[in-house]
Amino acid sequence: MSRSQPHPIQLRPVGSQDALASLPKPPAIQTPSSHSWASLCGPPPWGLGCLLALQHILVLGSLLCASHLLLLRSLPPGGLSYSPAQLLASSLFSCGVSTALQTWMGSRLPLVQAPSFEFLFPALVLTSQKLPLAIQTPGNCEYRARAWASLMLHLCEEPGCHGLELWNTSLREVSGAVVVSGLLQGTLGLLGAPGHLFPHCGPLVLAPSLVVAGLSAHKEVALFCSAHWGLALLLILLMVVCSQHLGSCQLPPCPWRPASTSSTHTHLPAFRLLSVLVPVACVWIISALLGLSVIPLGQSVPTEAPWFRLPHPAEWDWPLLTPRALAAGTSMALAASTSSLGCYALCGWLLHLPSPPPHACSRGLGLEGLGSVLAGLLGSPMGTSSSFSNVGTVSLIQAGSRRVAHLVGLLCMGLGLSPRLVQLLTTIPLPVLGGVLGVTQAVVLSTGFSSFHLADTDSGRNVFIVGFSIFMALLLPRWLQEAPVLLSTGWSPLDVLLRSLLTEPIFLAGLLGFLLENTIPGTRLERGLGQGLPSPFLAQEARMPQKSREKAAQEYELPFPLQNLCPYIPQPLRCLCPLPEDPGNEEGGPAEPGETVDLLPGFGEQCPKASRELRSQ
């Protein structure tokens with residue numbers, strides 16, 4: 001095992017092949033930590049790709065279990081007449097379909113689609129409307145006791161148990177809200193709304209949203225970790241040591257590396273690449289050996305989950321569309337769209353790609369909406385959107401691959417067909433859920449802070465916008481929770497809409513940042529804007545040759561077979577296709593798969609010189 005010299009490396013999606021290649025040397029102001037890792041030349045091996053995919057599935061599974069558990073425990077005791085694994089299997093299947101579509105013909109970024117807290121908060125508001133007023137009042141002592149009581153679910157044992165009808169109606173109504181959110185989000189994408197908004201979203205809009213995204217889940221993370229602080233701290237310690245302290249350690253050549261590779265001396269930074277999988281496996285095994293019962297959904301399961309089940313609409317019942325579901329769905333759509341646009345910008349930034357163009361963002365939102373509609377029709381109480389936690393994992397392990405994202409989608413669809421296998425996710429200890437989400441959310445928080453310097457940090461205008469957006473986005477949900485009297489307008493759907501929007505920190509941060517950024521006078525240089533693109537991408541594009549920038553822009557284009565359909569798309573939907581003057585179409589026509597291997601200097605060669613030197617050590 002050897003320790004490499006500092007050299008920033010990134011695993012990047014390129015055309016039909018994913019290449020691990022050296023990043024260009026950044027300017028001094030953006031010098032990264034010395035704990036970077038050397039590259040592999042060529043596409044990632046299938047063995048490593050499967051391990052990275054499994055790692056992302058663990059993060060996705062943590063989000064899946066956490067969101068469903070927090071929703072189900074907010075309902076009255078008892079009432080679920082089927083195994084939670086069947087509910088998780090439906091959600092996992094829709095996440096797999098959405099991920100596969102997103103990476104193939106959506107934004108084309110290696111983004112994993114998962115249930116997010118942007119769907120959870122409106123769902124909690126919607127279900128709380130069915131509780132007695134004495135329980136749903138936030139200041140009530142019984143409300144606090146319910147909020148911090150045991151996380152174990154005691155499920156329905158008999159068809160006629162108390163609360164069964166209330167649970168079924170509540171979940172159907174939440175599923176209806178998810179369908180509404182998917183339809184609205186898809187409509188926003190088809191109308192090209194991101195193309196009109198994204199050019200006005202600079203670092204003073206993106207940075208507060210990322211900071212709030214990292215901070216917004218701290219109470220839920222603390223709740224899960226409190227089940228056993230020893231295991232949670234052990235997991236966090238192992239993740240930090242593997243990703244940071246041992247991140248530059250190289251292991252000998254891997255036996256699964258294909259023989260056709262140009263170099264036979266490839267070393268892997270295995271500790272950093274597997275800095276989620278290895279710690280989770282260790283803590284999970286330790287928890288089992290010590291006999292610590294800290295699993296969330298493992299009690300009182302009424303029926304054995306089947307080995308095979310094909311998810312289909314109306315399996316339990318059709319989603320319930322009510323005025324309150326329409327209101328909650330509207331809130332879900334606005335918050336999920338804000339979160340997804342931030343994920344697109346962040347993922348492109350981490351992969352050193354140009355700013356996501358409007359057509360890629362529009363396709364991404366449209367397909368995310370399709371995924372949420374599918375999830376709602378399958379009975380899932382959670383929609384699908386780009387996962388900040390999985391983007392945080394990409395930043396943590398410094399590896400992002402379109403091939404890995406494809407594998408995640410296929411594996412999720414396969415697991416979604418077997419509730420018995422998905423039942424393994426219900427045995428993940430609560431401290432593991434909290435530790436994984438805590439570390440990945442912390443990475444998202446840090447990327448938000450790191451983007452502040454792209455604007456003028458000495459400007460009083462910018463300081464006010466950033467501080468006000470972050471503080472108010474965190475204050476308003478807390479105020480609504482602690483208010484002695486619930487917000488009431490006299491019309492239940494409007495109450496649901498206002499309460500849902502005021503409990504969405506990411507939406508509040510994005511909205512406040514956008515309004516203040518575009519209404520308070522300031523120069524484009526002061527705001528960190530230039531040529532209509534968000535500033536985070538201008539600095540890295542300026543360091544890339546013109547040919548490399550053009551080929552990097554082609555990463556967002558539709559797959560080659562679908563490009564031929566663009567001329568036949570109706571005019572109102574042309575926003576989903578690249579414009580003729582886009583850099584990717586200026587010369588040479590559409591890019592064939594595999595043409596974009598040399599995105600940066602050194603790409604397409606057998607192995608960059610720096611990488612050969614690092615591997616020889």
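Attention in this report is confined to the structure presented alongside it. Keep in mind the model is a prediction, meaning the values are calculated, not measured.

Conventions used here
- Residues numbered from 1 in each chain as written.
- Predicted model: local features only at pLDDT ≥ 70, side-chain atom pairs only at ≥ 80, totals over all residues.
- Heavy atoms only, no water.
- Helix = DSSP H or I, 4+ residues; strand = E, 2+ residues; numbered from the N terminus.
- Buried < 20%, exposed > 50% of the residue type's maximum accessible area, 1.4 Å probe, protein only.
- Contact = heavy atoms within 4.5 Å.
- Areas by Shrake-Rupley, 256 points an atom, 1.4 Å probe, with all protein chains shown as cover.
- 1 Å grid on protein atoms, 1.4 Å probe; cavity = no way out; pocket = protein on both sides within 12 Å on 5 of 7 lines; lining within 4 Å.
- Points joined across faces, edges and corners; volume = space filled by probe spheres on them.
- Nonpolar A, V, L, I, M, F, W, Y, C, P; charged D, E, K, R; others polar.
- Axes fitted to C-alpha atoms, helices over the stretch in contact; angles between N-to-C directions.
- Parallel < 35°, antiparallel > 145°, perpendicular 65-115°, else oblique.
- Left-handed = near helix turned anticlockwise from the far one by under 90°.
- Disulfide = S-S within 2.5 Å.
- Expected span 1.5 Å × (residues − 1).
- Phe/Tyr/Trp six-rings, centres within 6.5 Å; stacked < 30°, edge-to-face > 60°.

### A look at the overall build of the protein
And then number 1: A count of helical and extended segments in the protein gives 26 helices and six strands.
And then number 2: Looking at the 617 residues of the protein, the share that counts as buried comes to 59%.
And then number 3: Within the protein, residue pairs in contact and separated by at least 24 positions form 86% of the contacts whose partners lie at least 6 positions apart.
And then number 4: Here the protein displays about 23600 Å² of accessible surface, and carbon together with sulfur accounts for 68% of that area.

### What about empty space enclosed by the protein?
And then number 1: Inspection of every chain in the model, using the stated rule, returns two cavities of 30 Å³ or more.
And then number 2: Along the walls of the largest cavity sit 14 residues, with Ser116, Phe117, Glu118, Phe388 and Gln441 positioned nearest its centre.
And then number 3: Of all the secondary-structure elements, those providing two or more residues to the lining of the largest cavity are helix 3 (117-128) and helix 15 (388-397).
And then number 4: When its residues are assigned to classes, the lining of the largest cavity shows six nonpolar, seven polar and one charged.

### Things to note about the packing of helix 8 (residues 203-215) against helix 21 (residues 505-519)
And then number 1: One can describe the packing of helix 8 onto helix 21 by two numbers: an axis separation of 8 Å at closest approach and a directional angle of 160 degrees. Relative to helix 21, the element helix 8 lies roughly antiparallel. Between helix 8 and helix 21 lies a crossing of right-handed hand. Residues Leu204, Val205, Pro208, Ser209, Val212 and Ala213 of helix 8 lie in contact with helix 21, whose contacting residues are Pro505, Ile506, Ala509, Gly510, Gly513, Phe514 and Glu517.
And then number 2: Of the residues that constitute the contact of helix 8 with helix 21, the class distribution is nine nonpolar, three polar and one charged.

### A few points about the state of the cysteines
And then number 1: What the rule picks out here adds up to zero disulfides.
And then number 2: The thiol of cysteine 95 is unpaired, and the distance to the nearest cysteine sulfur, on cysteine 412, comes to 6.6 Å.
And then number 3: On the basis of relative accessible area, cysteine 95 is assigned to the buried category, the value being 1%.

### Things to note about the packing of helix 1 (residues 46-72) against helix 9 (residues 218-225)
And then number 1: Packing of helix 1 against helix 9 brings their axes to within 12 Å, and their N-to-C directions diverge by 90 degrees. Accordingly, the angle class assigned to the pair helix 1 and helix 9 is roughly perpendicular. The segment helix 1 lies against helix 9, with Ala66, Leu69 and Leu70 engaging Glu220, Leu223 and Phe224.
And then number 2: Grouping the amino acids of the contact of helix 1 with helix 9 by side-chain chemistry returns five nonpolar, no polar and one charged.

### Digging into helix 19 (residues 460-482)
And then number 1: Taking 1.5 Å per residue as the helical rise, helix 19 with its 23 residues ought to reach 33 Å, and the 32 Å between its terminal C-alpha atoms agrees with that figure.
And then number 2: Among all positions of helix 19, only Arg461, Asn462, Ile465, Val466, Ser469, Ile470, Ala473, Pro477 and Leu480 are buried.
And then number 3: On its buried face, helix 19 is in contact with helix 8, helix 20 (492-502), helix 21 and helix 22 (524-527).

### As for the packing of aromatic side chains
And then number 1: Summed over all chains, the structure comprises three aromatic pairs.
And then number 2: Between the aromatic rings of phenylalanine 117 and phenylalanine 121, the centroid separation amounts to 6.2 Å while the plane-to-plane angle is 20 degrees, which identifies the pairing as stacked. Taken together, the residues span about one helical turn, with phenylalanine 117 and phenylalanine 121 both in helix 3 at a distance of four residues. Per residue, the accessibility class of phenylalanine 117 equals that of phenylalanine 121, and both read buried.
And then number 3: Ring geometry for phenylalanine 449 against phenylalanine 452: centres 5.7 Å apart, planes inclined by 70 degrees, an arrangement best described as edge-to-face.
And then number 4: Since its relative accessible area comes to 46%, phenylalanine 449 is described here as partly exposed.
And then number 5: Note on phenylalanine 452: relative accessible area 16%, which makes it buried.

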